[in-house]
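Take a look at the letters that make up each chain.
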Amino acid sequence: MPSLSPTMSEGSIVNWVKNEGEQVAAGDILCEVQTDKAVIAFESEEEGVLAKILAPTGSSNIKVGGLIAVLATPDEHWQEVAASAVLLSQPSTADSTPKQSEKNLTIQQPQSYRFFSMGPAVRLLLQSHDIDGSQIISTGPHGQLLKGDVLAYIANNQIKPVVSDQEKPINDITVMQTVSSVATFTDITSLNMKNAFAQRFSESKLSVPHQYIRATTRTNRLNELRTELKVDSDVDFSINDFIIKACALGLR
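Residues numbered from 1 in each chain as written. Predicted model: local features only at pLDDT ≥ 70, side-chain atom pairs only at ≥ 80, totals over all residues. Heavy atoms only, no water.

Trainee: Before we move on, can you summarise the overall build of the chain with the specific residues and values?
Mentor: Along its length, the chain carries six helices and nine strands. Looking at the 252 residues of the chain, the share that counts as buried comes to 21%. Taking the contacts inside the chain whose residues are at least 6 apart along the sequence as the reference set, 52% of them involve residues at least 24 apart. Only carbon and sulfur atoms are counted for the fraction: they give 54% of the accessible area of the chain, which is about 18,800 Å². (Helix = DSSP H or I, 4+ residues; strand = E, 2+ residues; numbered from the N terminus. Buried < 20%, exposed > 50% of the residue type's maximum accessible area, 1.4 Å probe, protein only. Contact = heavy atoms within 4.5 Å. Areas by Shrake-Rupley, 256 points an atom, 1.4 Å probe, with all protein chains shown as cover.)

Here it is, written out as structure tokens:
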């Protein structure tokens, strides 16, 4: 599988233009590949015969560098090359056992600690080092426990992070999903581009400490302002636009 975009990590075969046993010249399109951006034609850089297709049309989630086909040179018998390609494509049993370093490591949940008025970064430090927050002297305003307080406590007591190879939830929230036994659905294959978007959105939330703030407000005057702006400038501003603007002004 070639890398057809700078951010491409895997691709899917949309369609094979060439068939097995067909002559291929340099520059000919071999197949169409769905990347994380778009469908791109994969052109051959060499001439020969397409001996064996190892990833047929519809194959998805193929890692970049993975074997999708074998091209025989003009001096080779393509059927013999195809027979050898089948053996090469079979996975080795020696690599089937996962390594210890590849196992998912999750943070062990601490036994107990008090939740002060603290930020998400402070909570993450307390959880990852299994520290009771009530044992730390807080220096923040109104007795707030700061990240520097926790880091100083960790350094003074030489506390190491607690890591477990068993999957444990960070909090006690259990997500329950109820599916009706009589419900019907249509399974639609998602595109690699949408999968990439979903992965980036998940990483932007899970890998960055955050917290939720809720507020109730009346938007009657705001909706009137949106209507006035649409009439004057012919631009349809959403409520999210005003919220983002307010946050930007508040963070100055």
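The structure having been displayed, the exposition proceeds.
Trainee: A description of the nonpolar core should follow, citing residues and the corresponding values.
Mentor: Note on soluble globular proteins: their nonpolar side chains tend to be buried together. Counting 14 residues, the largest nonpolar core has Met1, Ile13, Trp16, Val33 and Ile68 as its most contacted members. At the level of elements, β1 (10-16), β3 (29-34) and β5 (48-53) are the ones that each hand at least two residues to this core. Discounting chain neighbours no more than four positions away, the residues touching Trp16 are Leu30, Cys31, Leu50, Ile53, Ala55, Pro56, Thr57, Ile68 and Ala69. Among the nonpolar cores identified, the runner-up in size contains nine residues, and Leu126, Ile131, Ile136 and Ile154 belong to it. (Core = buried A, V, L, I, M, F, W, Y, C linked by side-chain atoms within 4.5 Å.)

Trainee: Just give me the short version of the pattern of salt bridges, but keep the residues and values in it.
Mentor: Following the criterion strictly, the structure yields seven salt bridges and no others. Lys52 serves as the salt-bridge partner of Glu20, at 3.9 Å between the closest nitrogen and oxygen. Of this pair, Glu20 sits in the loop between β1 and β2 (23-24) while Lys52 sits in strand β5, placing them 32 residues apart in sequence. Across the salt bridge formed by Arg226 and Asp236, the nearest N and O atoms sit 3.9 Å from each other. With Arg226 in helix α5 (residues 220-233) and Asp236 in the loop between α5 and α6 (239-250), the pair connects residues that are 10 residues apart, well separated along the chain. The class of Arg226 is partly exposed, set by a relative accessible area of 22%. (Salt bridge = Lys/Arg side-chain N within 4 Å of Asp/Glu carboxyl O.)

Trainee: Account for the sheet that holds β1, with residues named and values stated.
Mentor: Pairing is antiparallel in the open sheet, where four strands are placed in the order β4-β3-β1-β6. Strand pairing shows two members of the sheet lacking a second neighbour, β4 (39-43) and β6 (62-63), which therefore form its edges. Bridge count between β1 and β3: four bridges; the pairing is antiparallel. Its bridge partner being in β3, Ile13 is matched across the sheet by Val33. (Pairing = 2+ DSSP bridges.)

Trainee: Which residues make up the confidence of the model for the chain, and what are the values?
Mentor: Averaged over all residues, the pLDDT of the chain equals 76, while 77% of them reach at least 70. Ignoring residues within four places in sequence, the model shows residues 100-116, a span with pLDDT below 50, making 41 contacts including any to other chains. Confidence drops under a pLDDT of 50 for residues 170-176, and excluding neighbours within four residues, the segment shows four contacts in the predicted structure. (pLDDT = per-residue confidence, 0-100.)

Trainee: So what about the sheet that holds β2? Which residues, and what values?
Mentor: Two pairing modes exist for strands in a sheet, parallel and antiparallel, and in both the strands are linked by backbone hydrogen bonds. Read from one edge to the other, the open sheet built from three strands follows the order β2-β5-β7, with strand pairing classed as antiparallel. Because the sheet does not close on itself, it has two edges, and the strands there are β2 and β7 (69-72). Strand direction decides the pairing type here: β5 and β7, joined by four bridges, are antiparallel. The partner of Val49 across the bridge, within β7, is Ala72.

Trainee: Just give me the short version of the pairing of β1, but keep the residues and values in it.
Mentor: As judged from the two bridges shared by β1 and β6, these two strands associate in the antiparallel manner. Note that in β6 the partner of Gly11 across the bridge is Ile62.

Trainee: Describe in detail α5, supporting the description with residues and values.
Mentor: For an α-helix, 3.6 residues make a turn, and residues three or four places apart therefore share a direction. Look at α5: 20 Å from first C-alpha to last across 14 residues, which is about the 20 Å you get at 1.5 Å a residue. A positive phi of about 60° marks Asp234, the residue just after α5. (Expected span 1.5 Å × (residues − 1).)

Trainee: Please set out the packing of helix α2 (residues 120-129) against helix α3 (residues 147-157) residue by residue, giving values where relevant.
Mentor: Where α2 meets α3, the closest approach of the two axes is 9 Å, and the angle between their N-to-C directions is 20°. In terms of their interaxial angle, α2 and α3 are classed as roughly parallel. In this structure, the crossing between α2 and α3 has a hand that is left-handed. Across the interface between the two elements, Ala121, Val122, Leu125, Leu126 and His129 of α2 pack against Lys147, Val150, Leu151 and Ile154 of α3. (Axes fitted to C-alpha atoms, helices over the stretch in contact; angles between N-to-C directions. Parallel < 35°, antiparallel > 145°, perpendicular 65-115°, else oblique. Left-handed = near helix turned anticlockwise from the far one by under 90°.)

Trainee: I'd like a rundown of the pairing of β4, residues and numbers included.
Mentor: Two elements, β3 and β4, share five bridges in a ladder whose sense is antiparallel. Each residue of the ladder has a partner; that of Ile29, found in β4, is Glu43. What sits between β3 and β4 in their antiparallel hairpin is a turn of four residues.

Trainee: Before we move on, could you go through the environment of Lys52 and cite the residues and values that matter?
Mentor: Here Lys52 falls in the partly exposed class, since its relative accessible area comes to 23%. In sequence terms Lys52 and Gln79 are 27 residues apart; their C-alpha atoms lie 8.4 Å from each other.

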